[in-house]
Each structure stands twice: as structure tokens, then as C-alpha cells.
Amino acid sequence: MFGDSATAQGVSAGLGSPELSFAADLSFGGQAPCYAVTVAAMAVETGMAKNVLVYRALNGRSGIRIGSTGFRSPTAPFRYPIGFSAYPQYIAMWGRRYMIETGTGYEGLGQVAIAQRKYAQTNPRAVRRNPLTMEDYLRAQFVVDPFRSHDCTSEVDGACAVLVTSLDRARDLQHTPAVIEGAAWSTPTGSGLDIADFFNWEDWSVNSHTYHRDRLWQSAQMKPEDVDFAEIYDCFSPVVLMGLEGLGLVGRGEAADFIAAGETGPNGKLPTNTHGGLLCEGYLHGMNTVAEAVLQVQGRGGENQLEKHDRCAVTSGALMDGSALVLQRDAA
Amino acid sequence: MTEVGTVQETTEQLQKVYVEPETDLDTRWWFEALEQDRLEIPRCNACGRTFFPPQPDCPHCGAQDWRPIPAGGRGRIYSWVVCYLPFDPRFAEEVPYAILAVELEEGVRLFGRWKGDLDAIRADLRVQALVYRVDGHALLGWEAA
Ligand SMILES: [Zn+2]
């Protein structure tokens, strides 16, 4: 959407693919991956498509840098001239309100970064793999208070894709299918005029996942306690806290303590962001978050493969609109 | 968007264009009022509620019937950030600076530059709007009330 996207037409031409019977270029950011998978599943379900490749491909580091690139929007004049011009700053504004509402401190954000860095150390795809202690975290300089660099994802050049097809066809493939059991999207009231307009969003300490929680679990016919692990969108650290709480996976204001107690680690109650998250693996808009969920469900999680990996909740999106999926190992 | 040579140039071009208040038919009046040191906000004639930013329809009820009302400029800090890394090179000389999100007494939230001591910022602090100018453009700022 910032001129950083490979179009369906272009990718099709580049792959030398046969005629497409379905294509969709979603002009979204990090709220899209779970939803793009959902749209693909709808196309398969209606018979419009047999197999849909859902991808994100961008030169996010050598090309347009989303962290600092401006874009034309009706609300830009209320932000840019005063020096409020970048995503890290916008989400820091929500992060601060989350801290005010829940009493979470800087250490609470640090817990997210530290827990995910542990997973990243054994993920060869991760770009940030150095061990991280709370002391290291608190010593790091602010990028935009309350965020230090450890609270922010890394811009990377990369690509990532998942294949969506019918369950019948999937069962003929080499790997156990990850079945889409539930899906939800929401653009709640107050979502504003563009992806950085949150003037009318009532509570900056909760994001879209709070709004589609009930629809998600209803569509999956499951409860939050039914999932074995979670892959929560994390362009910035507090988004993990909002996502865990939003889907009801932990209680309101409890996410940082839950992480500090080790519950999102490999042996915890709810292993979360088992690839190290976008914080460590880099920013492919969370398509890599969906891919990690699929790999784990299939049992292809490498050194980070979880023991219990039958059911997973996945989210996409940090602020107003967003989406989520529940995946289940076939025949689990 | 305009295509300009390499992607690097595109990024620079975007930054250059959008740091000035680039207003349109919906937002120009607000900046014109600010130029005359008046803080105004739109209020819906149909449902009576205030809203921000200015836009053709009331986001509460959808009516295309609103008018600007004068705002007192008094409010409380809802949230804030302190910017250390200048994502936009134009602000490199100004870091660190704080951006406040303030809940106005009239019921809307507004962003503005904090003109006080960084250490004095806290949630719910009472603040007062002020107008400051950069390159002749009137912009919204805040000071302690
Ligand atoms: Zn109205």
C-alpha cells in the first residue's frame, strides 16, 4: 500500500503461472494476513479458486521503509507538521495508554521482548538472535518513549507465503493440513478515516481483537482455553499484550505478568510467538506470523517445535481494524 | 502516488511533501482558524456531539450537518510519547520532544506538541492549548494549565 507491494498479476507473471481464476490485492498493512487467508478460503469454498497462494513480498529494508515513510491521508496534516509522523510513534501512543490503564510498566513491555528473543535464538530465520536480559533491555535507549529498539520490529527484505486449498486436496499433500476452524475480521466503530487515524477510537489500550473475539471463538466453536499456543501480531511489544487479552487468552491487564511467569515459553500454559515474533524475525506484515502457526500445527517448527501443537490462535493487526484465525491440526 | 526514480528517492519525496500541513476542502478551515489563534472543533447539528478530525459526515450519526464551535482549549493528558529518534529528518534538531494526546473538555482528542518540561508530563495532567508557528504555519501545542 506504500508502493511496496508485489501485485497478484506481477507475481503470477513472474511465476509463469497458468490463468488465475481468482486474484485479490488487499490494500492493507499488518491487519491483513489472517484476513487474506480467510478471503482465500472463501474463494476456495465458493469454487471460484482451487488453490490460492497468500503471500507478502517486499523490500522493506532496501526499499521503502515503512517505519518512517509518510503517506497522503486526510488526517496527515494533524500529525506530520508537529513531528508525529511514524508508526513507532503512533503505536507508542497506544502502548502508553495501555500502560496507564493496566498499570503495566516498562518492564512489562520488556518481558515481551525478552520472552520472544529466547525463541529467536533457535530460529535460523530470525534477524535478532542475541540473548536479551531485562538489564540489557532497560539500558537500551528510547526510540520513542515508551519504546526502545527491542520493542520494535525490524524492517527486512523478505517474502512469505501459505497455500490455501480444500481439505480434500490438502490431505493428498506431503504434510498434515492445518485446518482453518475459525476466522474473524473487524473494523469497529471509531476506526477512523485511515490506518493512522485513531482520534475517534474510544480506548487506545484495546485493539480490534477485543471486538472480534466472540465471533472468532464462535466460528471456531472453541473457547480461548482450547488452544495450545498462540501467534500474536507484534509489530511492537504492547500489541502482544493487547492481542492476548483481546482474544481472552489471558485476563485484562494480566498479559505482562503471564509472560514474566514463563507461561508463553515453550513449557508454559500458552507458548506464544514461537519464532520470536516480528520483533525478532522481521516485518513481513505478520504473514510470517501466520506461516509460523501453520508450520507449528504441521509439526514443522524445527528446533522450536512445540510438544502440544494441535490448536492455535493467530492474529493480524495492531490498532483499529484487524483479523484473527483459529487453526487446528487435521483430525486432532 | 507520483513515481519518482528509485525507491529511495520516493521515500525522500514522500517525506518532503507531507511534513507541511497539506490540507483539503474538509480540513482547511481548521488550520485557517488556528492561523488566527482560534481553536475550533466541529459539532454535529443533528446529534449535538463534537468530533475530530473535520470530515464531511458526523462520525457518530452520519449527518452531513455540522458547524465549527469555539473550543476553550482546556483538557487533560490522555496519552503521550517522547520522540528521541527523528524519523523525519526535519525534526532532528528538536529531539527529544513530546507529543500529547489531550482530551478536550469539549469531548474530542487532539494531538499537539508539549511546550513544557518533559519530566512534568503525566496522565490526566490539566493542560491548555497554545498556537506555535513553524515556517509561518500555525500548529497546535500544549502547556500546563
Ligand atoms: Zn451527529
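Residues numbered from 1 in each chain as written. Chains lettered and ligands numbered in written order. Predicted model: local features only at pLDDT ≥ 70, side-chain atom pairs only at ≥ 80, totals over all residues. Heavy atoms only, no water.

Asker: I would appreciate a short explanation of the packing of helix 7 (residues 208-220) of chain A against helix 8 (residues 237-246) of chain A in the present structure.
Answerer: All names here are of chain A. Where helix 7 contacts helix 8, the two axes come as close as 8 Å, and the packing angle between them is 25 degrees. It follows from the interaxial angle that helix 7 and helix 8 lie roughly parallel. As helix 7 runs across helix 8, the sense of the crossing is right-handed. Contacts from His209, Thr210 and Arg213 in helix 7 reach Gly243, Glu245 and Gly246 in helix 8. (Axes fitted to C-alpha atoms, helices over the stretch in contact; angles between N-to-C directions. Helix = DSSP H or I, 4+ residues; strand = E, 2+ residues; numbered from the N terminus. Parallel < 35°, antiparallel > 145°, perpendicular 65-115°, else oblique. Left-handed = near helix turned anticlockwise from the far one by under 90°. Contact = heavy atoms within 4.5 Å.)

Asker: Just checking my understanding: could you explain the coordination of the zinc ion for this structure?
Answerer: When four donors bind a metal tetrahedrally, each ideal donor-metal-donor angle is 109.5 degrees, and when six bind octahedrally, the ideal angles are 90 or 180 degrees. Residue and element names in this part refer to chain B. Every protein donor of the zinc ion is accounted for by Cys44 (SG), Cys47 (SG), Cys58 (SG) and Cys61 (SG), and the metal-donor separations fall at 2.3 to 2.4 Å. For the zinc ion, the four donor atoms in the first shell make angles of 105 to 116 degrees at the metal, so the coordination geometry reads as tetrahedral. Site description for the zinc ion: donor spacing in sequence, C-x2-C-x10-C-x2-C. Of the two residues, cysteine 47 sits in the loop between strand 1 (40-44) and strand 2 (66-70) while cysteine 58 sits in the loop between strand 1 and strand 2, which places them eleven residues apart along the sequence. (Donors = N, O, S within 2.8 Å, 3.2 Å for Na, K, Ca; no water. Tetrahedral: all angles 85-135°; square planar, octahedral: opposite > 155°, others 65-115°.)

Asker: What's the story with a nonpolar patch on the surface in this structure? I'm lost.
Answerer: Taken together, Leu15, Leu53, Leu163 and Leu173 of chain A make up a surface patch of nonpolar side chains, about 400 Å² in accessible area. Mapped onto the elements of the fold, leucine 163 of chain A is located in strand 4 (residues 157-165). (Patch = residues over 30% accessible without salt bridge, like charges linked within 9 Å, V, L, I, M, F, W, Y side chains within 5 Å. Areas by Shrake-Rupley, 256 points an atom, 1.4 Å probe, with all protein chains shown as cover. Salt bridge = Lys/Arg side-chain N within 4 Å of Asp/Glu carboxyl O.)

Asker: Can you help me understand the interface of chain A and chain B in this one?
Answerer: Often, the extent of an interface is quoted as the loss of accessible area on bringing the components together. Contacts between the two partners involve 42 residues from chain A and, on the opposite side, 47 residues from chain B. Considering only the surface of chain A that becomes buried against chain B, Phe78, Ile82 and Phe199 of chain A emerge as the three largest contributors, covering 19% of it. At the junction of chain A with chain B, the criterion picks out zero salt bridges. The tally of links from chain A across to chain B stands at 15 residue pairs in polar contact (both at pLDDT 80 or more). Mapped by element, the contributors of at least two residues to the side of chain A that touches chain B are helix 3 (87-102) and strand 2 (142-145) of chain A. (Buried area = accessible area lost by both parts, 1.4 Å probe. Polar contact = N/O pair within 3.5 Å; in protein donor to acceptor, adjacent residues only side chain to side chain.)

Asker: I keep staring at the nonpolar core and nothing clicks. Help me out?
Answerer: A general trend in soluble globular proteins is that nonpolar side chains are found buried together. Core analysis: the biggest nonpolar cluster contains 106 residues, and Phe198 and Leu249 of chain A together with Phe111 and Trp142 of chain B have the highest contact counts within it. Looking at this core, the element that brings in the most residues is helix 3 of chain A, giving eight residues. Discounting residues that sit within four places of it in the chain, phenylalanine 198 of chain A has contacts with Phe84, Tyr90, Met93, Trp94, Trp204 and Met320 of chain A together with Phe111 of chain B. If you look at the next biggest cluster of nonpolar residues, it comprises 28 residues, including Val162, Ala293, Leu306 and Val314 of chain A. (Core = buried A, V, L, I, M, F, W, Y, C linked by side-chain atoms within 4.5 Å. Buried < 20%, exposed > 50% of the residue type's maximum accessible area, 1.4 Å probe, protein only.)

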